[in-house]
Amino acid sequence: MLKKADCSGIFVFVEIQDHERVLEGALEMLTRARELADRLNEKLYALVMALGADEYLDEIETYGPDAIIYCSDPGLKHYNSEIFPEMFEHLVKEYRPSILLVPSTEAGNDLAPRMSHRFHTGLTAHCTSLEIIDSEEYGENLLLMKRPAFSGNMVASILCPETRPQVATVQPGVFGREPAGKRDGAERIALDFTFDAGTLRVSQEAAPVRWDRCSVSLEQADVIIAGGRGLLQKENFELLDELAAMLGGEVGATRVPVFNDWCDEGRMIGQTGKTVRPRLYIGFGISGQIQHTTSIIDSEIIVSVNIDDRAPVNEISDYVIHEDAGRFLRLFIEKLRNERVTFACR
Amino acid sequence: MTDKEMNILVCVKQVPDSHKAKIDRKTGVLLRTADDSVMNPDDAHAIELAVSLKERYGASVVAMTMGPEHATDVLYEACALGADHAVLVSDARFAGSDSYVTGKILARSIKHLGDYDLIITGVEAIDGSTASVGYHIAEYLDIPLVRQINKIDIAQGHARLERLYGHEYQQVKVKLPFVMCADKETNEVRFPTLSDISRCYEKHIHRLSMENIGGKEEEYGLAGSPTIVVSSESFSHSRAREKIEGTPEEKADHLIHELKRHDILKY
């Protein structure tokens, strides 16, 4: 177990996505972590483990870490739940950070709880906010972690006062991404890959089979055009694509369209872990079950189009249009076509 | 095919039923109905996975939960779905435990009960969990953990699994024992028969307390938890709720106007 007084610094797991780019959520975390490190007056470390980690270092450096600890090896091409935690465990023991930040992704959600266990420390998952506070009761310079609770109807504020590191996973899309201003550049620390592959207990048997999931990221979208049961038919749902294209947005759905096979499961908003924060969200024929509404609540502007005057989603909408969703959708597309507008969102 | 019957243990949790939650229309605040509790949805998928393996290979399935006395409801439900044995891990000193401590309690309980070939948990609990309890168990018992399982075959002390990772279905092999996590992607939960439901209340509940699993009081409960919830706020849903009036055409025009005003649309 690490002693609180011995610990200093922030570790950020900079995950590489599809072994070809830095995960946007990792850059968002680096942005926020830079602010937290400045507030604490402690060092910020970016950790990169990948097939060819070197190619990402320049980009990562623009986000202002004080140091980048990196390792390149074919064995690191994909996240591995036996290799990465062991490497992180050694690094955490060596550098003793007081905070470990991990993106809330498949890899991150495997790494973070293992770190939590090995250091007998707390984990706060799916954080929507991170700040440094001084608490009379619990101490100074603590990481205050906020996350949704009770299916998103509450926000819980959590501290990890004594044990270290304080571990948090953060949803991609929560923080903005902003390269740091002029800084001195990061110390680059290269590691040798020393993991003994013979100790792996989960082994690959055959070549993997690729599965092409819907590649859009709803979490990153600036405009979301969503459809629900009230659209009544697949034909109507498919019009959402056209409107989304006109507004530079992505199509989202509630459970019903997915269930009815009007669209791919990847479009569904309202399952665990997917929150969106577009500038504009328009819901067509969506009544607003809690799981969906709490996932969209951070949208800047919410418009709901529904034949049901008392649809729950109206309570959280900025604009309510009491019309048949399919018909209004057609009309709106027609109007927009005549307007020849462009969209402001990038 | 394994010679002896497999031993499978499933961890289940009782949670408040958030699907029944309503939001007060005036204030936008959550109205919590008292005592509407259900089995955590992911955990039902875990039981289903265990029972389907039992049907294929022959196994004894233990359902275990950590909670107060009324958590026996989920144990009865697990038995109606096909679990053979039920264990309640309960102790006033466990109250307020966070995920790390809960994982430790469950892992110690499992160790106390004996050896298992498979341990299955749900991925995540709907009442604000960290999706980490399965991990704490796997780490404590020093066994592998596999998620997102599409297919599973068991033979000669090994499991061959097809699991989804990223954009790939990987074919992997793991030696028993290990931990598996299930959720709605894993399977569809069966409907128990009426006779299963009526019989399940006859199941004996084996009870474990701190004395059984060992450890010191200060390791458990609120005091033993590394994290603490310092406050909980209702999410306020205050929005303009402006109802756009007029003919459908007028409404569309008005909406376009508003989107321009908000700088979403430009000429």
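Residues numbered from 1 in each chain as written. Chains lettered and ligands numbered in written order. Predicted model: local features only at pLDDT ≥ 70, side-chain atom pairs only at ≥ 80, totals over all residues.

A. Layout of the overall build of chain A. Helix and strand content of chain A: eight helices and 19 strands. The globule rule puts the C-alpha radius of gyration for 346 residues at 20 Å, and the 22 Å found for chain A is close to it. Taken over the C-alpha atoms alone, chain A extends approximately 65 × 55 × 40 Å along its principal axes. Here chain A holds 346 residues, and the buried ones make up 52% of them. (Helix = DSSP H or I, 4+ residues; strand = E, 2+ residues; numbered from the N terminus. Rg over C-alpha atoms; globule rule 2.2 N^0.38 Å. Buried ≥ 20, exposed ≤ 12 C-beta atoms within 10 Å, placed from the backbone.)

B. Representation of the overall build of chain B in the model. For chain B, the count of helices and strands is eight helices and 17 strands. Looking at chain B as a whole, 45% of its 267 residues are labelled buried. Here the analysis covers contacts within chain B between residues at least 6 apart in sequence; of these, 71% occur between residues at least 24 apart. (Contact = placed C-beta atoms within 7 Å.)

C. Structural detail: the nonpolar core. If you look at the biggest cluster of nonpolar residues, it comprises 126 residues, and the most contacted ones within it are V12(A), V48(A), V10(B) and A63(B). Not counting residues within four places of it along the chain, the set of residues in contact with V12(A) comprises A26(A), M29(A), L30(A), A33(A), Y45(A), A46(A), L47(A) and L101(A). Within the second largest apolar cluster, 44 residues are counted, among which are A253(A), M268(A), V305(A) and A252(B). (Core = buried A, V, L, I, M, F, W, Y, C linked by C-beta atoms within 7 Å.)

D. Representation of the environment of Y76(B). Residues and elements named next belong to chain B. Structurally, the position occupied by Y76 is in helix 2 (residues 72-81). Owing to 20 C-beta atoms within 10 Å, Y76 belongs among the buried residues under this scheme. Spatially, the C-alpha atoms of Y76 and S198 are 9.8 Å apart, while their sequence positions differ by 122 residues. Y76 has contacts with C200, Y201 and K203, leaving out every residue within four places of it along the chain.

E. Region of interest: the interface of chain A and chain B. The interface of chain A with chain B comprises 72 residues on the first partner and 68 residues on the second. Element by element, the count of residues in the side of chain A that touches chain B is highest for strand 13 (residues 202-210) of chain A, at eight residues. Looking at side-chain class alone, the side of chain A that touches chain B contains 36 nonpolar, 21 polar and 15 charged residues. Here strand 10 (residues 154-159) of chain A runs beside strand 15 (residues 228-234) of chain B; their pairing, made up of six bridges, is antiparallel. Note that in strand 15 of chain B the partner of V155(A) across the bridge is E233(B). (Nonpolar A, V, L, I, M, F, W, Y, C, P; charged D, E, K, R; others polar. Pairing = 2+ DSSP bridges.)

F. Region of the structure containing the sheet that holds strand 6 (residues 59-66) of chain B. All names here are of chain B. What the seven strands build is an open sheet, ordered 9-13-8-1-6-7-14; its pairing is parallel. Whereas interior strands pair on both sides, the edge strands pair on one side only; in this sheet they are strand 9 (145-146) and strand 14 (205-208). Of the strand pairs in this sheet, strand 1 (residues 6-12) and strand 6 are connected by seven bridges, and their pairing is parallel. Across the sheet, residue V12 finds its bridge partner in strand 6, namely T65.

G. Spatial organisation of helix 1 (residues 24-40) of chain A. Residues and elements named next belong to chain A. With 17 residues, helix 1 ought to run about 24 Å at 1.5 Å a step, and its terminal C-alpha atoms sit 24 Å apart, in line with that. Listing the buried residues of helix 1 in full gives G25, A26, L27, E28, M29, L30, R32, A33, R34 and A37. For helix 1, the secondary structure elements touched by its buried residues are strand 1 (10-13), strand 3 (21-22), strand 4 (44-50), strand 6 (99-103), strand 8 (129-135) and strand 11 (166-170). Of the residues flanking the end of helix 1, it is N41, one or two places downstream, whose phi is positive at about 55°. (Expected span 1.5 Å × (residues − 1).)

H. Fine view of the domain arrangement of chain A. Under the domain assignment used here, chain A contains domain 1 (4-199) and domain 2 (218-339). Each of domain 1 of chain A and domain 2 of chain A was reduced to a C-alpha centroid, and the two centroids are 34 Å apart. (Domains from an automatic or database assignment.)

I. Focus on the packing of helix 3 (residues 83-95) of chain A against helix 4 (residues 108-118) of chain A. Residue and element names in this part refer to chain A. Axis separation between helix 3 and helix 4 bottoms out at 10 Å; the angle between their running directions is 45°. When the axes of helix 3 and helix 4 are compared, the pair comes out oblique. As for how helix 3 packs across helix 4, the hand of that crossing is right-handed. Here helix 3 contributes F84, P85, F88, E89 and V92 to the contact with helix 4, which in turn contributes L111, R114, M115 and R118. Taken together, the residues of the contact of helix 3 with helix 4 break down into six nonpolar, no polar and three charged. (Axes fitted to C-alpha atoms, helices over the stretch in contact; angles between N-to-C directions. Parallel < 35°, antiparallel > 145°, perpendicular 65-115°, else oblique. Left-handed = near helix turned anticlockwise from the far one by under 90°.)

J. View of the sheet that holds strand 7 (residues 123-127) of chain A. All names here are of chain A. Read across the sheet, seven strands follow the order 7-11-6-1-4-5-12 without closing on themselves; strand pairing throughout is parallel. Two strands in the sheet have a free side with no partner beyond their single neighbour: strand 7 and strand 12 (187-191). Sheet twist, expressed as the average angle between the axes of neighbouring strands with direction ignored, equals 20°. The pairing of strand 1 with strand 4 spans four bridges and is parallel. Bridging from a neighbouring strand, V12 pairs with A46 of strand 4.

K. Fine view of helix 8 (residues 325-339) of chain A. Across its 15 residues, helix 8 of chain A extends 21 Å between first and last C-alpha, which sits within 8% of the 21 Å expected from 1.5 Å per residue. Of the positions making up helix 8 of chain A, those classed as buried are A325(A), G326(A), F328(A), L329(A), F332(A) and L336(A). The arc that holds the buried residues of helix 8 of chain A, viewed along the axis, is 160°, so those residues lie on one side. Those residues of helix 8 of chain A that are exposed and angled more than 90 degrees off the buried face are E334(A), R337(A) and N338(A). Those residues of helix 8 of chain A that are buried are in contact with helix 5 (234-247), strand 16 (280-284), strand 17 (301-305) and strand 18 (319-321) of chain A together with helix 8 (248-261) of chain B. (Arc of directions from axis to C-beta.)

L. Fine view of the pairing of strand 8 of chain A. All names here are of chain A. Note that strand 8 and strand 9 (residues 139-149) share six bridges and pair antiparallel. Following the sheet pairing, S129 is matched in strand 9 by K146. Counting the residues that bridge the hairpin from strand 8 to strand 9 gives three residues.

M. Summary view of unusual backbone geometry. For the peptide bond that leads from R164(A) to P165(A), omega is 0°, which places it in the cis range. Residue placement: P165(A) occurs in the loop between strand 10 and strand 11. Here the amide bond leading from L176(B) into P177(B) is cis, since omega sits at 0°, within 30 degrees of zero. Considering the arrangement of structural elements, one finds P177(B) in the loop between strand 12 (168-175) and strand 13 (178-182). With a phi angle near 55°, N41(A) is a residue other than glycine that sits in the positive phi range. Its identity is not glycine, yet L232(A) carries a phi of approximately 70°, on the positive side. The residue L232(A) is located in the loop between strand 14 (223-227) and helix 5 in this model.

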